[in-house]
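# Overview (structure and organization)
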Amino acid sequence: MPDDVFKSVFLPLALIFVLFGMGMSLSVGDFKRVMLSPLASAVGVCCQLIVLPLTAFAVAWVLGLRGETAVGLMLLAACPGGPTSNLISHLSKGDVALSVTLTAVSSVVAVFTIPWVVGLSMTHFLGSAAAIELPFWKTLIQLMIVTLLPIALGMGIRAAKPAFADRMARPASVLSVVFLGLVILLAVLREDNLAEQFRVAGPGAVTLNVLTMVLAFYLAKLFQLPHTQQITISIEAGIQNGTLALAIALGILGNPHIAMPAVIYSLFMFVSGSLMIWRFGLRR
C-alpha cells in the first residue's frame, strides 16, 4: 500500500470505523450514569486523564527515554480507553456499565486534551530542534472530525435502531481488533530499523501498561470502591485506543518513530488484558 494512501485513506477509515462501532454501543444514558456513580467515574477519569500521562512522563524520565520515543509514549498516554476494554471488563467480571461510561467520557474529553499534552511533550522532549509541529486548533478540529463525529453517528443509529446496534455489537468489536492489527502490521512494515525501535520503545511501553493498571487498581481500592469497579478502572486505564494513537502519529504527525510505543503497547495490552480475564474472570 502506498504511504500516502495508508496515511490519508486507510488510517482515517480504520479509526472512523472503530469509533463508529463504539458509538453504536453507547447511549446518552452512558454519560448520565456519571451522575449515578460519581466517585467511581471520577476515579476512573482521573486515572485515564491524569494518572496515565503523569505515569508515562515518570516512566520516560526514569528509563531515560529521549525524543520521539518519549513523545510517542506521552501520545499514547493522552489517548482515551479503547473499545476493547468493554469486552475485557465483561470477561473479567468487572462493572461493564462503568467501563462503557468511562470509555465514552474519556473519548470525548481526550479530544481536547490530546493536542495540549502532546504539544507540551514535543516541546519538552524535542525542544527547538523539533522537526515537526502540532498546531493546537488544527489538530483539535481533525480529532473532532475523526472521533466525535463517528461516535455521534453511531449513537444516533443506536437511538433509532437499537436492535440493529445490538446485533452489530459483536461483529464491530471483532473488526475493531482486526483493524488495529492491520494498522500495527502496516506500521511495523514501514519501520526500517525494527529491532532497534522495539529495543528502545519496548521497555517503556510495557512498563507503562503494567504500572498504570496496578496504580489504577489500588487507587480504586484506596477509595473503597467495589471489587468489580476496581477491576474495570484498572482495565480502562490500561487498555488504550491504539488505533487513535497510531492515526495521530502516522497520519497527523507523519512520524513512524513516534508510533512505535503505541505499536508495542497495543500488542502487549492484549497480554495484560488476557491476564486480567484469567485472574478475575476465570478463577472466581
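So, a few notes on the structure that sits alongside this text. Computed from a prediction, not measured in an experiment: that's the story for all the values here.

About the cut-offs
- Residues numbered from 1 in each chain as written.
- Predicted model: local features only at pLDDT ≥ 70, side-chain atom pairs only at ≥ 80, totals over all residues.
- Heavy atoms only, no water.
- Helix = DSSP H or I, 4+ residues; strand = E, 2+ residues; numbered from the N terminus.
- Rg over C-alpha atoms; globule rule 2.2 N^0.38 Å.
- Buried < 20%, exposed > 50% of the residue type's maximum accessible area, 1.4 Å probe, protein only.
- Core = buried A, V, L, I, M, F, W, Y, C linked by side-chain atoms within 4.5 Å.
- Contact = heavy atoms within 4.5 Å.
- Salt bridge = Lys/Arg side-chain N within 4 Å of Asp/Glu carboxyl O.
- Expected span 1.5 Å × (residues − 1).
- Axes fitted to C-alpha atoms, helices over the stretch in contact; angles between N-to-C directions.
- Parallel < 35°, antiparallel > 145°, perpendicular 65-115°, else oblique.
- Left-handed = near helix turned anticlockwise from the far one by under 90°.
- Nonpolar A, V, L, I, M, F, W, Y, C, P; charged D, E, K, R; others polar.
- Polar contact = N/O pair within 3.5 Å; in protein donor to acceptor, adjacent residues only side chain to side chain.
- Patch = residues over 30% accessible without salt bridge, like charges linked within 9 Å, V, L, I, M, F, W, Y side chains within 5 Å.
- Areas by Shrake-Rupley, 256 points an atom, 1.4 Å probe, with all protein chains shown as cover.

A separate point is the overall build of the protein chain. Helices and strands together make up the secondary structure of the protein chain, namely 12 helices and 0 strands. In the protein chain, the succession of α and β elements from N to C terminus is α-α-α-α-α-α-α-α-α-α-α-α. In terms of overall size, the protein chain behaves like a compact globule, its C-alpha atoms giving a radius of gyration of 18 Å where 284 residues would be expected to give roughly 19 Å. The principal-axis extent of the C-alpha atoms belonging to the protein chain is close to 50 × 40 × 35 Å.

For the rest of this paragraph, the subject is unusual backbone geometry. Note: most residues except glycine have negative phi, and most peptide bonds are trans. In this model, K93 sits at a positive phi of 60 degrees, which is unusual for a non-glycine residue. Along the chain, K93 falls in the loop between α5 (84–91) and α6 (96–126). Relative accessible area serves as the criterion here: at 38%, K93 is assigned to the partly exposed category. Even without glycine at this site, Q224 takes up a positive phi of about 55 degrees.

Formed by 70 residues in total, the largest nonpolar core has its most connected members in L75, I114 and L246. With 11 residues, the single largest contributor to this core is helix α12 (residues 256–282). If near-sequence neighbours (up to four positions away) are discounted, I114 is found in contact with L75, A78, C79, P80, G119, L143, L244 and I248. In this structure, V43, C47, L98 and L102 belong to the second largest nonpolar core, which totals 10 residues.

One pass over the full model with this rule turns up 1 salt bridge. Its salt-bridge partner being D166, residue R158 comes within 3.0 Å of it at the nearest N-O pair. What makes R158 partly exposed here is its relative accessible area of 22%.

What follows is about helix α10 (residues 227–238). The terminal C-alpha atoms of α10, which comprises 12 residues, lie 17 Å apart, in line with the 16 Å expected from a rise of 1.5 Å per residue. In terms of burial, α10 is largely enclosed, as 10 of its 12 residues are buried. When we look at burial in α10, the residues that qualify are Q229, Q230, I231, T232, I233, S234, I235, E236, A237 and G238.

Attention shifts here to the packing of α5 against α6. For any two helices packed against each other, the geometry comes down to the angle between their axes and how far apart the axes lie. Orientation of α5 relative to α6, taken along the N-to-C sense of each, is 165 degrees, at an axis distance of 9 Å. With respect to each other, α5 and α6 are oriented roughly antiparallel. Pair α5 / α6 crosses with right-handed handedness. Where α5 abuts α6, its residues S85, N86, S89 and H90 lie against V96, S99, V100 and T103. For the contact of α5 with α6, the residue count by class is 2 nonpolar, 6 polar and no charged.

For the rest of this paragraph, the subject is the side chain of T232. As for its placement among the helices and strands, T232 is situated in helix α10. Here S89 takes part through its side chain, which lies 2.8 Å from a polar atom of the side chain of T232.

This part takes up a nonpolar patch on the surface. A cluster of nonpolar residues, V174, L175, V178, L182 and L185, forms a patch on the protein surface that exposes about 390 Å² of accessible area. For V174, the position within the fold is in helix α8 (residues 162–189). Looking at V174, the relative accessible area reads 45%, which means it is partly exposed.

Mapping N255 onto the fold places it in the loop between α11 (242–252) and α12. Among the polar contacts made by the side chain of N255, one reaches the side chain of E68 at a distance of 2.7 Å. A distance of 2.9 Å separates the side chain of N255 from the backbone nitrogen of H257, its partner in a polar contact.

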